[in-house]
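Structural description and commentary
As a plain string of letters, each chain reads:
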Amino acid sequence: MSSANTLTRITPKNITDQEFFYGHKACAGCGGSLAVRLALKVLGERTYAAFPAGCMAAVGFIYPQMAFTNNAIITTFPGVASMASGIAVGAKALGIQNFKTVAFAGDGGTADIGLQALSGMIDRGDDVLYICYDNEAYMNTGIQKSGLTPFGTQTTTTPAGKNIHGSKTQKKNLFEIIAAHDIPYAATASIGYPQDYIDKVQKAAQVKGPAFIHVYASCPTGWGTPTETSVEIAKEAVDCGLFFLAEYENGDYRLTRNPKQFASVADYLKKQGRFKHLSDADIASIEAHRDHKWERMRRMWNHQ
Amino acid sequence: MSKKREFISGDEAVAIGVKLSRPHVIAAYPITPQTITVERLSEMVERGELNAEYMHVESEHSAISAAMGASAVGARTFTASSSQGLLYMTEGLHYASGGRFPVVMMNANRSVALPWSIYGDQRDSLSLLDSGWIQVYVEDAQEALDMMIQAFRIAEHPDVLTPMMVNLDGFILTHTYEIVEIPEQSQVDAFLPPFQTPNKMCFNNPKNMGFSSQPNDNTEFKYQQNLAVLNAVKVLEQADTDFATMFGRKYNGMVDEYQSADAEVLLVTLGSVTGTVRDVVDEMRAEGHKVGVIKIRYMRPFPEEQLQSLTAKAKAIGVLEKDISFGYEGTVYTNVNSALAKVGNTVPKLNFVGGLGGRDISKADIRNMFLKLQRVAAGEAYKTVDFFNLNVETNE
């Protein structure tokens, strides 16, 4: 994107010290709140932010203690994309200029209950950046399975017992569902690769129209991981190939990270309480699914 | 200056009323029998007569959600729905009133599935009386147009800041053509100033909105919300008075009445059926029957005191409504009965339930109701709920 080339790249050295999401009561090591915090630093103070009922709404807006220093609002659970659309369109109709509207929602709020409104937002071409922080289950309500919960995951609604070995379904292919709308810009990212995430937020913010980022964001509470390893574990998910970094732009898919060799899936899984029960056969099945997905991505998509 | 008149449907009257109110954002999803309204609005935007953003939302849930988003930055917003669509919005209806977003909605009153029916009754909006919206029911296309303009003024008033639903009977009003007087834009502008609110997100004074509350302050928010709807009484009455001064049409605020002062038996009505009842009142008055009608305009806030005083001399009262709360009685009846019980009005009160799923309510039906009320007033035994004109035999 030519306009992005003229921007100063935001890096750890020059990123603003200003905090837009501060004093909230998210769990220690919350990956979702880190994704929100970094994105708002990139987007700046002339930003309307919309959050559906979910973790960020629950931890940031407890009257009278408001945790956002920019304009922010809780929406209905299925309605973050539509309310963000309304904000962007309303502000435009009022002649307000030089602003950005961003919607932040979790995996359930995006890939399940919010998918219809998100599809409508993209279809209309509304000027909204939508960021899905994916921690792979309904964490706010207590770790229930969502459409982005991966195969084998133990959640409070997919118990790891003899009959049901955790989640029986694979993650929905959210990135390609969104890209299939011919959205101007979509990307995947991970809080384990923060510079890549910041770059993609910066790029998405330049789009005049809908843009989408699917950011992998760990949840120590739901995953059964130590709070100090949140960034590390989100990086390992990418390194072992269970998550991928990519962009969709001008109709083309591109892998933005294409590991020559994957790190161990078993090592990644075994560090997490939610996968402790998996058998060798389960892990082999997860690896096979990964390899199939990567074979297709490498064959079909641009990469180095 | 001669007055401008057009031969238009109720749906078109709504569209013109909305256009004259200069909304910034229209977000609506099509549903019969509301569709003509949103089609006309989109044409007005296309022709440049209406300088608004028209959002093609993918559902009613998104319609109200987008309207709230636009309202949250200070835009004047309109949406329209009916029946299943209104019910699909339900989460957003409560959200809009709790968030104090003064969205204005037209609802084309239509039956609720199952069984499917595209035709009119009032079960859709009456089932949402507790959603916190101001609800008005109109009698004809002129009132529909006029109430769109009044609705923005009432909803956006700083003492109210509550969304408002203007209800008109599906097909009977939405698709019936009438001569309607079109107000002058300059007069509408004088009656309805631009929307101003401190309750919005802006960059000079950022806000966090739609927040959560704890048990120790939730009740206080709900108390204020209740107060806001009660405040609407004075505001809507003033709007009615000012509207009459400006445009020459007065609707008498919360309730209207016809020949009620000396009536021995009264029918209480809601919406378009009132016109037919007026005709029957004229016919029966000519024959010497002391009958009258009270038209409820607002279901929320509810015209409790007006009903108490207007019914004080009647010997029997019937509530005619296109609604039933299964296992009990019609909701309008419950509300009316509660108001009258508070002043110890113990005359017989009957609940005529009909017009469901679009069935016509005829003059003969209404005459029979008045005659029955007269017999009951004279001592005949009665059952409270009367499903009149049933096409099946019952064992009752």
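Residues numbered from 1 in each chain as written. Chains lettered and ligands numbered in written order. Predicted model: local features only at pLDDT ≥ 70, side-chain atom pairs only at ≥ 80, totals over all residues. Heavy atoms only, no water.

1. Focus: the overall build of chain A
A count of helical and extended segments in chain A gives 12 helices and 10 strands. Compactness check: chain A gives a C-alpha radius of gyration of 18 Å against a globular reference of 19 Å for 304 residues, within 12% of the reference. With the principal axes as the frame, chain A shows a C-alpha extent of 60 × 45 × 40 Å. When burial is assessed residue by residue, chain A has 56% of its 304 residues classed as buried. (Helix = DSSP H or I, 4+ residues; strand = E, 2+ residues; numbered from the N terminus. Rg over C-alpha atoms; globule rule 2.2 N^0.38 Å. Buried < 20%, exposed > 50% of the residue type's maximum accessible area, 1.4 Å probe, protein only.)

2. Describing the domain arrangement of chain B
All names here are of chain B. We note that the domain assignment places domain 1 (4-247) and domain 2 (255-387) within chain B. Domain 1 and domain 2 are separated by 28 Å when their C-alpha centres are compared. Every contact between the two is made by 29 residues of domain 1 and, on the other side, 26 residues of domain 2. Summed over both partners, the interface of domain 1 with domain 2 comes to about 2200 Å²; 55% of that surface belongs to carbon and sulfur atoms. On the domain 1 side of the contact with domain 2, Arg123, Leu129 and Glu139 bury the most area, a combined 28% of that side's loss. The tally of links between domain 1 and domain 2 comes to six salt bridges. Residue lysine 295 is joined to glutamate 143 by a salt bridge in which the shortest nitrogen-to-oxygen separation is 2.9 Å. Scanning the region where domain 1 abuts domain 2 turns up 14 residue pairs in polar contact (both at pLDDT 80 or more). Broken down by secondary-structure element, the contributors of at least two residues to the side of domain 1 that touches domain 2 are α6 (123-126), β6 (134-137), α7 (141-156), β7 (164-169) and α9 (215-247). (Domains from an automatic or database assignment. Contact = heavy atoms within 4.5 Å. Buried area = accessible area lost by both parts, 1.4 Å probe. Salt bridge = Lys/Arg side-chain N within 4 Å of Asp/Glu carboxyl O. Polar contact = N/O pair within 3.5 Å; in protein donor to acceptor, adjacent residues only side chain to side chain.)

3. Digging into the pairing of strand β11 (residues 265-270) of chain B
Residues and elements named next belong to chain B. Counting buried positions along β11 gives six out of six residues, so the element sits mostly inside the fold. Alternating residues of β11 divide into Val265, Leu267 and Thr269 and Leu266, Val268 and Leu270, and every residue in both groups is buried. When β11 meets strand β12 (residues 291-296), the two strands line up parallel, connected through six bridges. The residue of β12 that forms the bridge with leucine 267 is valine 293. For the crossover that starts at β11, traverses helix α10 (residues 273-286) and ends in the parallel β12, the hand is right-handed. Bridge analysis of β11 against strand β14 (residues 316-321) gives four bridges, and the strand direction is parallel. Counterpart to valine 265 in the pairing with β14 is alanine 316. (Pairing = 2+ DSSP bridges. Right-handed = clockwise from strand over helix to strand, strands pointing away.)

4. Observations regarding a nonpolar patch on the surface
Together, Phe7(B), Tyr177(B) and Ile179(B) line one region of the surface with nonpolar side chains, adding up to about 350 Å² of accessible area. Looking at the element boundaries, Ile179(B) is found in strand β8 (residues 177-182). (Patch = residues over 30% accessible without salt bridge, like charges linked within 9 Å, V, L, I, M, F, W, Y side chains within 5 Å. Areas by Shrake-Rupley, 256 points an atom, 1.4 Å probe, with all protein chains shown as cover.)

5. Some details on helix α2 (residues 35-47) of chain B
Residue and element names in this part refer to chain B. Relative to the 18 Å expected for 13 residues at 1.5 Å per residue, α2 spans 18 Å between its end C-alpha atoms, a close match to the ideal helical length. Residues of α2 that are buried make contact with β1 (4-9), α1 (10-20), β2 (25-28), β3 (53-56), β4 (77-81) and β5 (104-109). Glycine 48 occupies a position one or two residues after α2 and carries a positive phi of about 85 degrees. (Expected span 1.5 Å × (residues − 1).)

6. Side note on the side chain of Asn335(B)
All names here are of chain B. Summarising the element assignment, asparagine 335 is placed in helix α12 (residues 331-342). In this structure the side chain of asparagine 335 is engaged in a polar contact, spanning 2.8 Å, whose partner is the backbone oxygen of threonine 331. With sequence-adjacent residues up to four places away left out, asparagine 335 is seen in contact with Leu129, Met299, Arg300 and Phe302.

7. Considerations on the nonpolar core
Residues and elements named next belong to chain A. In terms of nonpolar packing, the biggest core is built from 64 residues, with Ile73, Tyr130 and Phe212 touching the most fellow members. Per-element accounting of this core gives the leading share, eight residues, to helix α4 (residues 80-93). Those residues within four positions of tyrosine 130 in sequence are excluded, and the remaining contacts are Val80, Ala81, Ala103, Ala105, Gly109, Thr110, Leu118, Met121, Ala211, Phe212 and Ile213. Core analysis: the next-biggest nonpolar cluster, separate from the first, contains 62 residues, Phe68, Ile191, Ala205 and Phe275 among them. (Core = buried A, V, L, I, M, F, W, Y, C linked by side-chain atoms within 4.5 Å.)

8. Comments concerning the layout of surface pockets
Where empty space is left becomes clear once a probe the size of a water molecule has been rolled over the atoms. Taken as a whole, the largest pocket encloses approximately 830 Å³ of empty space. Contributing to the lining of the largest pocket are 31 residues, with Gly98(B), Gly99(B), Gly210(B), Phe211(B) and Ser212(B) lying nearest its centre. Elements with a minimum of two residues in the lining of the largest pocket: α3 (55-60) and β4 (71-75) of chain A together with α5 (90-98), β9 (208-209) and α9 of chain B. Per-class residue counts for the lining of the largest pocket are 13 nonpolar, 15 polar and three charged. (1 Å grid on protein atoms, 1.4 Å probe; cavity = no way out; pocket = protein on both sides within 12 Å on 5 of 7 lines; lining within 4 Å. Points joined across faces, edges and corners; volume = space filled by probe spheres on them. Nonpolar A, V, L, I, M, F, W, Y, C, P; charged D, E, K, R; others polar.)

9. Examining the interface of chain B and chain A
Taken together, the contact pairs 37 residues of chain B with 40 residues of chain A. Carbon and sulfur atoms make up 63% of the surface buried where chain B meets chain A, a total of about 3000 Å² over both sides. Applying the counting rule to chain B against chain A returns two salt bridges. For Glu58(B), the salt bridge identified is with Arg124(A), shortest N-O distance 3.6 Å. Run the count over chain B and chain A and you get 18 residue pairs in polar contact (both at pLDDT 80 or more). Of all the elements in the fold, those that place two or more residues in the side of chain B that touches chain A are β3, α3 (60-71), α5, β9 and α9 of chain B. The leading source of residues in the side of chain B that touches chain A is α3(B), at seven residues.

10. Here we look at the sheet that holds strand β1 (residues 47-52) of chain A
A sheet is described by the order of its strands in space; here nine strands give the open sequence β10(A)-β9(A)-β7(A)-β8(A)-β6(A)-β5(A)-β1(A)-β4(A)-β9(B), paired in mixed fashion. Bordering the open sheet on either side are β10 (252-255) of chain A together with β9 of chain B, each of which pairs with just one other strand. Summarising the sheet, strand β6 (residues 129-134) of chain A and strand β8 (residues 211-216) of chain A pair through six bridges and their orientation is parallel. When the bridges of β8(A) are listed, Asp134(A) appears paired with Tyr216(A).

11. Observations regarding the packing of aromatic side chains
Residue and element names in this part refer to chain B. Applying the stated criterion across every chain, the model contains 27 aromatic pairs over all chains. Between tyrosine 119 and phenylalanine 171, the aromatic rings sit 5.4 Å apart at their centres with planes inclined by 45 degrees, giving tilted as the arrangement. Taken together, the residues tyrosine 119 in the loop between β5 and α6 and phenylalanine 171 in the loop between β7 and β8 connect sequence positions 52 residues apart. Exposure remark for tyrosine 119: the relative accessible area of 43% places this residue in the partly exposed category. Residue phenylalanine 171 is classed as partly exposed on the basis of its relative accessible area, which comes to 22%. Ring centres 4.4 Å apart and planes at 35 degrees place the aromatic pair phenylalanine 243 and phenylalanine 247 in the tilted group. One end of the pair is phenylalanine 243 and the other is phenylalanine 247, both in helix α9 and four residues apart, which spans about a single turn. You can call phenylalanine 247 buried: its relative accessible area is 5%. (Phe/Tyr/Trp six-rings, centres within 6.5 Å; stacked < 30°, edge-to-face > 60°.)

12. Observations concerning the pattern of salt bridges
Residues and elements named next belong to chain A. Under the definition given, this model contains 48 salt bridges over all chains. Put simply, lysine 171 and glutamate 136 hold a salt bridge, and the shortest N to O gap is 2.8 Å. Of this pair, lysine 171 sits in the loop between β6 and α7 (174-179) while glutamate 136 sits in the loop between β6 and α7, and the two are 35 residues apart along the sequence. Glutamate 236 serves as the salt-bridge partner of lysine 271, at 2.7 Å between the closest nitrogen and oxygen. Of this pair, lysine 271 sits in the loop between α11 (265-270) and α12 (280-300) while glutamate 236 sits in helix α10 (residues 230-239), placing them 35 residues apart in sequence. Residue class for lysine 271 comes out partly exposed when judged on its relative accessible area of 40%.

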